[in-house]
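Structure at a glance
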Number of protein chains: 6
Amino acid sequence: MASVAARPSGRSADQLRAVELTVDVNRYAEGSCLAKFGNTHVLCTATLEEKAPSFLKGSGKGWVTAEYGMLPRSTHTRTDREAAKGKQSGRTQEIQRLIGRSLRAVTDLTGFGERQIRLDCDVIQADGGTRTAAITGSYVALYRCFAFMKEMGAVKAIPLIEPVAAISCGIHNGQCVLDLEYEEDSAAEADANFVLTGSGGIVEVQGTAEKSAFSEAQFLELLKLARKGIGELNALQKAALGIA
Amino acid sequence: MASVAARPSGRSADQLRAVELTVDVNRYAEGSCLAKFGNTHVLCTATLEEKAPSFLKGSGKGWVTAEYGMLPRSTHTRTDREAAKGKQSGRTQEIQRLIGRSLRAVTDLTGFGERQIRLDCDVIQADGGTRTAAITGSYVALYRCFAFMKEMGAVKAIPLIEPVAAISCGIHNGQCVLDLEYEEDSAAEADANFVLTGSGGIVEVQGTAEKSAFSEAQFLELLKLARKGIGELNALQKAALGIA
Amino acid sequence: MASVAARPSGRSADQLRAVELTVDVNRYAEGSCLAKFGNTHVLCTATLEEKAPSFLKGSGKGWVTAEYGMLPRSTHTRTDREAAKGKQSGRTQEIQRLIGRSLRAVTDLTGFGERQIRLDCDVIQADGGTRTAAITGSYVALYRCFAFMKEMGAVKAIPLIEPVAAISCGIHNGQCVLDLEYEEDSAAEADANFVLTGSGGIVEVQGTAEKSAFSEAQFLELLKLARKGIGELNALQKAALGIA
Amino acid sequence: MASVAARPSGRSADQLRAVELTVDVNRYAEGSCLAKFGNTHVLCTATLEEKAPSFLKGSGKGWVTAEYGMLPRSTHTRTDREAAKGKQSGRTQEIQRLIGRSLRAVTDLTGFGERQIRLDCDVIQADGGTRTAAITGSYVALYRCFAFMKEMGAVKAIPLIEPVAAISCGIHNGQCVLDLEYEEDSAAEADANFVLTGSGGIVEVQGTAEKSAFSEAQFLELLKLARKGIGELNALQKAALGIA
Amino acid sequence: MASVAARPSGRSADQLRAVELTVDVNRYAEGSCLAKFGNTHVLCTATLEEKAPSFLKGSGKGWVTAEYGMLPRSTHTRTDREAAKGKQSGRTQEIQRLIGRSLRAVTDLTGFGERQIRLDCDVIQADGGTRTAAITGSYVALYRCFAFMKEMGAVKAIPLIEPVAAISCGIHNGQCVLDLEYEEDSAAEADANFVLTGSGGIVEVQGTAEKSAFSEAQFLELLKLARKGIGELNALQKAALGIA
Amino acid sequence: MASVAARPSGRSADQLRAVELTVDVNRYAEGSCLAKFGNTHVLCTATLEEKAPSFLKGSGKGWVTAEYGMLPRSTHTRTDREAAKGKQSGRTQEIQRLIGRSLRAVTDLTGFGERQIRLDCDVIQADGGTRTAAITGSYVALYRCFAFMKEMGAVKAIPLIEPVAAISCGIHNGQCVLDLEYEEDSAAEADANFVLTGSGGIVEVQGTAEKSAFSEAQFLELLKLARKGIGELNALQKAALGIA
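Here the structure is a predicted model, which means the values were calculated and not measured.

Remarks on the overall build of chain A
On a plain count of helices and strands, chain A comes out with 5 helices and 9 strands. Going from N to C terminus, chain A has its helices and strands arranged as β-β-β-β-α-α-β-α-β-β-α-β-β-α. Relative to the globule expectation of 18 Å for 244 residues, the C-alpha radius of gyration of chain A, 18 Å, shows essentially globular dimensions. C-alpha extents for chain A along the principal axes are approximately 55 × 45 × 30 Å. Within chain A, the proportion of its 244 residues that are buried is 60%. The contacts in chain A between residues at least 6 apart in sequence include a share of 71% that link residues at least 24 apart. Counting only carbon and sulfur atoms, one obtains 49% of the accessible surface of chain A, whose full area is about 9000 Å². Distance between charge centroids for chain A: 5 Å, based on 28 positive and 29 negative side chains.

Structural data, given as structure tokens:
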């Protein structure tokens, strides 16, 4: 991979930020994980609700959903509190829908009864990549929630088909780079978020040209970077969960 | 391209629905286009506003933005009116942000002064692919608006860098297909929306696995279908605009 | 009738605009009608809902209700989208309540079970008289909906007592005129909307002095004009419905 | 006038309820009036604001506007507080628009500078006819406000062209009656609100068939009743204001 | 008690304003009281609802709750209508929560079945101390409501343990004073609201230093004033209710 | 102090939970403090805004304000996200108003120009006493913000008059206890929050009888406990700030 320009952080083009996934950080939640991708810190909690959404009534299936929020001063300059403004922004809704879809893609919805698990992803500090940290951490929180349910006898096996994680890639100064921090992201020519499964399947891909259109070759290079990063994230998820 | 299963519409896998783009359908708007993709009908109007958003004040640059809505009975079963519910759904906001980004990607924002052009995309009838019809029609409405401005002497040249159009592709019954109608879309294993420029650059790509993850090979096949479809849409846009 | 001043449109004082009522324009609705009064175009759809409002539970009666909206660029200068503003204006609510009352006045609410029919009146283009076009078109859409229900065996007979239609009249340059377009309406001294039944009964009358009070004699002249116009509208409704 | 059936209140068909108009009931408002029509009590206050609405900037003209509300237990059974529900009902908005139009129709908007007078009409107790009591009382409050401004030297003369008052009429048990109380109103076949000037001009007329359409003859009888009642209200307004 | 500075009203430091409590002022409510503390007038109505809140279902217990509002021109300068703004202010919510807690503290919630009594406290005119007038008047309205229920046979005895009333005290010009009117309140160094029972128990105390912190000795002097004032209010409550 | 019953935590009646105040925990805020009172964790950030609220324009004075929020799963059972519900609860508004008033009471508002400092208090985990932890931590965050401003040359001296801190006390099983955790709080007969300055002045006191009224003697015992606790909190604040 070319490395013409130095990245602001000094990282190589295919290098993740320091990632830490800490489980069980919340005293009350059935599952939780604090996901740190460098200075981006997202607290993910999984709440077990004994009732599935009404559209699943009688189906025998459960649901996984997500909500997302940012603390007002998680950002460089303060962002107004959505509760005070009286509504969630389009960006917030877009992100929480993405998190929910990503997790459902690896969950066996027939495997835990007519229940709902609600993932709350709250950004304590933001430095780019909050949605990818949220997905990566939510998988861990969701796993812990299912582990708790298994212990309680509510499920026989953990109904997760395979791991899922997410990472952002982008074109910055003409170079394809992995896991952009805010400074890079805000100056990027294009950025793309990838949500991949442990076996390499694509769950979601969202690519956006910020300044001008990008080529298929560039897109494939971004995907290659994502595969490398997500492989590393999967390993960290397993380590955090203490599973082989 | 494999063609194992017949499509519900009898179309071949790489065949668009009948597309019609009709310009100047609205008596008042500075530009307008009714985009029909089969039974999906989207009315796109472009409104010229003499004031750019405040964050551009003094920059000499203009802005292009979009709003999206569905008539309550544009859908198979009636959808509640967002004005009556008091808020726009996450889906609506996601789509209108996408339309705005797509159009801005091919517009020279320095080329029409500190003004704003607002694209309203209203779905009169929906049968899948409303967002891609909206983008495709909005390009035409935006072009007509700039042509009007040129005639009025407000701009010297039409500040559009190249055409942009959008199409959906998906995996249906294991087969990659182009331009899904509602029946196919709701049963698809995966679907992806592509926004491409006239020269083939990628402006936006959004792929979602509805049932299970898809592979890189499948994704590339979807992109190939999109290229074919968007080439045809570009030709229809030019014909509607009466430009070579 | 005096005809001192020419009307902006060149119409005679008691002349309707060109009116077109086209049925079954929407692929999904149980009944629909596109009502054009000159440049005013209102799309009316009737949606059959199998549940009546809760206040009718157990009464054996059904309900007819209406919603009204304007596309943002249906108007000369763009009107903000009510869904984006988060609420419907007082004018919108006033109009949709009027439409609902007008249709219920000619419907046998005991004749179609505990169901609800919801009329959506969406203004595609506005040039004055949108509420009267909406009522006139809604009658046609409602009739088509009942015809559909009859065909399905849900009702034995169409539970409409008689036709209903509406027209605006006004005093413009001292002259009483029928069916004002926007240019006349905005300069009128007074305007009145009449909702009359096929047999000439008054269902609703709303007269407003815009500049100064008007006399009883003037009011009666407006009513006379309305009777003439509504007679013509009733004939057009029958023609559109293909009934004698 | 026929008088076949006794009215619930024992009043004759053309008899108003006991009406009391008391001025200066509020310690702070520039003008105020408590209007009692039998058991309907509406508190009307006029607030002088030194700024006209922005659409009048530079016009030299002022504005008169109105707001309307009901105390939760002004009604037989409690009505939910609109502030708690977070929005004003369509009925509330319809009424406050009517009050504003009615008062503007008799005000010389060029006669008090670029100011706004805001009328607040709050229903303390409701027994039918709250909107007509609100208009009748608002005229008195507005007059008192202008009198205050005259005393302060803000206007040379009271910029009111003539008095305005309002009354409801209706068809009850087949009989045309004046000033319906709640019991009559809720059982009426039709009802109409009339807003007339002191010289007999029509400012607003709103007639609604509640059960079936009514005839022109009936409508004219209602108007005749209204003329009689409003004549009496005008006399009471003058007495309350201490003007000849 | 020191009396260094004259109060704006000429009252002595420990003197209430003229207080009037009038029962049964509302024609429809199950209980009502108009509470006047000088120029502060609060209309309190009690509405009996046959259903308790859902969290009490099956408990055999009832609930008492309160809502509070101000008429727009109850204040020196007009306050925007909360229904028009679409939400209740923090102050409004704080006050209505306080009223509800205060009344529940003296009500035997097991003594009137699974019902709810809703107190509406609407400020007709405000001159300081609206929340204390609201609590004092609400007790009377609630008592009247229970008396009505007893008469109807819905309760055997009035389920009120003892009276409750409230008063404000404050430090003004360095002097501790009772029952502040607006002029004093807005210039006070500190103010405190006390809610006490007939037997002298403390139900609520809310003290706030407006300019600088106050001492424990000052706080105790305020409490002493409150005891004197509330003793007088209890006597007036009994007189209004016609109980010994 | 009597110690009849053991507290659930085993603490003595006048013993605080383990309190930790950590400064500068947020990378972006001008001042920040994570306040832990046992299992109650509140993140306090101070944001400097260069503009004061409009009511201070031209006064030369600044303002200190606060916002408060709880993460959805900060509580034992999940609390709905206020941003999703579209409004802040009455409790939230009550608390944020309290925090703002408390901090303003010890700030020299003339000492930092026409600026505003906004304190965001976000509850990461709740176990009783979140508002008192928020006030105690906000003082530290505010101090750090002023220290930053002093370093930047924006102020000459830190415009804080004296420290402020807050603690809850309550009556539990008949015993007066300090710093209630959730388990105690939810079973308490009464609870009171005290906001005191470093020199012992009372800034705010809010006492509420949860079950039955309490006596003056009990109230004074609660105040005595609060004085002891707040003395300890002041020492911890100084230590965290590294000031004598």
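Comments concerning the pairing of strand 7 (residues 175-178) of chain D
All names here are of chain D. Judged by which residues are buried, strand 7 turns out to be covered on both faces: Q175 and V177 on one side and C176 and L178 on the other are all buried. Bridge count for strand 6 (residues 164-172) against strand 7 is 4 bridges, and the pairing is antiparallel. For G170, the partnering residue across the bridge sits in strand 7 and is V177. Between strand 6 and strand 7, which follow one another and run antiparallel, lie 2 residues, and N173 among them has a positive phi close to 50°.

Comments concerning the arrangement of the chains
Kept free of each other, chain A and chain D leave a smallest C-alpha distance of 12 Å between them. Taking C-alpha atoms as the reference, chain B and chain E come no closer than 12 Å and do not contact one another.

Observations concerning the relation of the copies chain F and chain A
In screw terms, the move from chain F to chain A is a rotation of 180° and a rise of 0.0 Å along the axis, fitting with an RMSD of 0.0 Å. The two molecules are tied by a two-fold rotation axis, judged by turn and shift. The overlap is high: 100% of the interface residues of chain F also sit at the interface in chain A, so the same surface is used on both sides.

Examining the side chain of D122 of chain D
By the element assignment, D122 of chain D lies in strand 5 (residues 116-125). When residues no more than four places from it in sequence are discounted, the contact partners of D122 of chain D are H41, V42, L43 and G69 of chain D together with L71, P72 and R81 of chain E.

Side note on helix 3 (residues 130-152) of chain B
Note on helix geometry: an α-helix contains 3.6 residues per turn, so any two residues three or four positions apart are oriented the same way. All names here are of chain B. Compared with the 33 Å implied by 1.5 Å per residue over 23 residues, the 32 Å span of helix 3 between its first and last C-alpha is a close match. Across the 23 residues of helix 3, 18 count as buried, placing the element largely inside the fold. Looking one or two residues past helix 3, G153 carries a phi angle of roughly 85°, positive in sign.

Quick notes on the UniProt feature "domain: Exoribonuclease phosphorolytic" (unreviewed entry) in chain A
Residue and element names in this part refer to chain A. The positions UniProt marks with the feature "domain: Exoribonuclease phosphorolytic" (unreviewed entry) are residues 15-143 and 163-229. Here residues 15-143 runs as 26% helix and 31% strand, with 26 Å between its end C-alpha atoms. As annotated, residues 163-229 has a helix share of 27% and a strand share of 43%, and its two end C-alpha atoms lie 14 Å apart.

Let's talk about the UniProt feature "binding site: phosphate" (unreviewed entry) in chain A
On the UniProt side, "binding site: phosphate" (unreviewed entry) is annotated at positions that read R91, G129, T130 and R131 of chain A here. A compact arrangement is adopted by the annotated residues: their sequence extent is 41 residues, whereas the largest C-alpha distance between any two is 13.3 Å. Mapping R91 of chain A onto the fold places it in helix 2 (residues 90-104). Aside from chain neighbours lying at most four places away, what touches R91 of chain A is Y68, M70, T130 and R131 of chain A together with R97 of chain B. Polar contacts involving the side chain of R91 of chain A include one to the side chain of Y68 of chain A, which spans 3.2 Å. Relative to the assigned elements, T130 of chain A resides in helix 3 (residues 130-151). Accessibility expressed as a relative area gives 6% for T130 of chain A, which makes it buried. Those residues in contact with T130 of chain A that sit more than four places away from it in its chain are T40, V42, Y68, M70, R91 and V123 of chain A.

Notes on the pattern of salt bridges
Enumeration according to the criterion identifies 120 salt bridges over all chains in this entry. D122 of chain B is the partner of R81 of chain C in a salt bridge, and the nearest nitrogen-oxygen pair spans 2.9 Å. Of this pair, R81 of chain C sits in the loop between strand 4 (63-70) and helix 1 (82-85) while D122 of chain B is found in strand 5 (residues 116-125), placing the two residues in two different chains. A residue is classified by how much of its surface remains accessible, and D122 of chain B, at 5% relative accessible area, is buried. A salt bridge links D24 of chain F to R144 of chain F, with the shortest nitrogen-to-oxygen separation between them at 3.0 Å. Of this pair, D24 of chain F sits in the loop between strand 1 (19-23) and strand 2 (31-37) while R144 of chain F sits in helix 3 (residues 130-151), placing them 120 residues apart in sequence.

Quick notes on the environment of I171 of chain A
Residues and elements named next belong to chain A. With respect to the secondary-structure elements, I171 resides in strand 6 (residues 164-172). Since its relative accessible area comes to 3%, I171 is described here as buried. A C-alpha to C-alpha distance of 19 Å links I171 and E204, two positions 33 residues apart in sequence. With residues up to four places along the chain from it excluded, the contact list for I171 reads C176, A188, E189, A190, F214, Q218 and L222.

As for the sheet that holds strand 2 of chain F
Residues and elements named next belong to chain F. Sheet architecture is open: 5 strands sit in the order 1-2-3-5-4, paired in mixed fashion. Both edges of this open sheet fall to strand 1 and strand 4 (63-70), since each of them pairs with a single strand only. Geometrically, the sheet is characterised by an average inter-axis angle of 15° between neighbouring strands, direction not taken into account. Of the strand pairs in this sheet, strand 2 and strand 3 (residues 40-49) are connected by 7 bridges, and their pairing is antiparallel. Residue A35 lies in a different strand from strand 3, and its bridge partner there is V42.

A word on the packing of aromatic side chains
Overall, the coordinates contain 33 aromatic pairs over all chains when judged by the stated rule. With 5.4 Å between their ring centres and 25° between their planes, F219 of chain E and F219 of chain F make a pair best called stacked. A residue pair is termed interchain when its members come from two chains, as with F219 of chain E in helix 5 (residues 216-241) and F219 of chain F in helix 5 (residues 216-241). Given the relative accessible area of 1%, F219 of chain E is considered buried. Here the aromatic rings of F214 of chain F and F219 of chain F are separated by 6.2 Å at their centres, their planes lie at 15°, and the arrangement is stacked. Given a relative accessible area of 3%, F214 of chain F falls into the buried group. In this structure an aromatic cluster arises from ring pairing among F194, F214 and F219 of chain A together with F194, F214 and F219 of chain B.

Some points on the interface of chain F and chain A
Opposite the 37 residues of chain F that make contact, chain A presents 37 residues. Taking both sides of the interface into account, the surface hidden between chain F and chain A amounts to around 2800 Å²; carbon and sulfur atoms contribute 48%. The largest contributions to the chain F side of the interface with chain A come from Y28, R73 and R81 of chain F, which together make up 29% of the buried area. Seen at the junction of chain F and chain A, the total is 12 salt bridges. Taken together, chain F and chain A are joined by 22 residue pairs in polar contact (both at pLDDT 80 or more). Put simply, the parts of the chain that give the side of chain F that touches chain A at least two residues each are strand 3, strand 4, helix 1 (82-85) and strand 5 (116-125) of chain F. The element contributing the most residues to the side of chain F that touches chain A is strand 5 of chain F, with 6 residues. Residues that form the side of chain F that touches chain A fall into these classes: 13 nonpolar, 11 polar and 13 charged.

Description of the sheet that holds strand 2 (residues 31-37) of chain A
Residue and element names in this part refer to chain A. The strand order across the open sheet built from 5 strands is 1-2-3-5-4, with neighbouring strands paired in mixed fashion. Unpaired on one side and paired on the other, strand 1 (19-23) and strand 4 (63-70) mark the two borders of the sheet. The sheet shows a mean angle of 15° between the axes of neighbouring strands, taken without regard to direction. Alignment of strand 1 against strand 2, held across 5 bridges, turns out to be antiparallel. Within the sheet, the bridge partner assigned to T22 lies in strand 2 and is L34. Sheet strands in contact with helix 2 are strand 4 and strand 5 (116-125), and its direction is about 145° off that of strand 4. Lying on the sheet, helix 5 (residues 216-241) is in contact with strand 1 and strand 2; it crosses strand 1 at an angle near 30°.

What about the environment of W63 of chain C?
Residues and elements named next belong to chain C. By the secondary structure assignment, W63 is in strand 4. Judged by its relative accessible area of 21%, W63 is partly exposed. When sequence neighbours within four positions are dropped, the list of residues in contact with W63 reads P53, F55, L56, R104, L109, F112, R115, Q116 and I117.

So, how was this worked out
- Residues numbered from 1 in each chain as written.
- Chains lettered and ligands numbered in written order.
- Predicted model: local features only at pLDDT ≥ 70, side-chain atom pairs only at ≥ 80, totals over all residues.
- Heavy atoms only, no water.
- Helix = DSSP H or I, 4+ residues; strand = E, 2+ residues; numbered from the N terminus.
- Rg over C-alpha atoms; globule rule 2.2 N^0.38 Å.
- Buried < 20%, exposed > 50% of the residue type's maximum accessible area, 1.4 Å probe, protein only.
- Contact = heavy atoms within 4.5 Å.
- Areas by Shrake-Rupley, 256 points an atom, 1.4 Å probe, with all protein chains shown as cover.
- Lys, Arg positive; Asp, Glu negative; His and termini not counted.
- Charge placed at Lys NZ, Arg CZ, Asp CG, Glu CD.
- Pairing = 2+ DSSP bridges.
- Least-squares fit on C-alpha atoms with pLDDT ≥ 70 in both.
- Expected span 1.5 Å × (residues − 1).
- UniProt positions renumbered as here; feature names shortened; annotations may be inferred.
- Polar contact = N/O pair within 3.5 Å; in protein donor to acceptor, adjacent residues only side chain to side chain.
- Salt bridge = Lys/Arg side-chain N within 4 Å of Asp/Glu carboxyl O.
- Axes fitted to C-alpha atoms, helices over the stretch in contact; angles between N-to-C directions.
- Phe/Tyr/Trp six-rings, centres within 6.5 Å; stacked < 30°, edge-to-face > 60°.
- Buried area = accessible area lost by both parts, 1.4 Å probe.
- Nonpolar A, V, L, I, M, F, W, Y, C, P; charged D, E, K, R; others polar.

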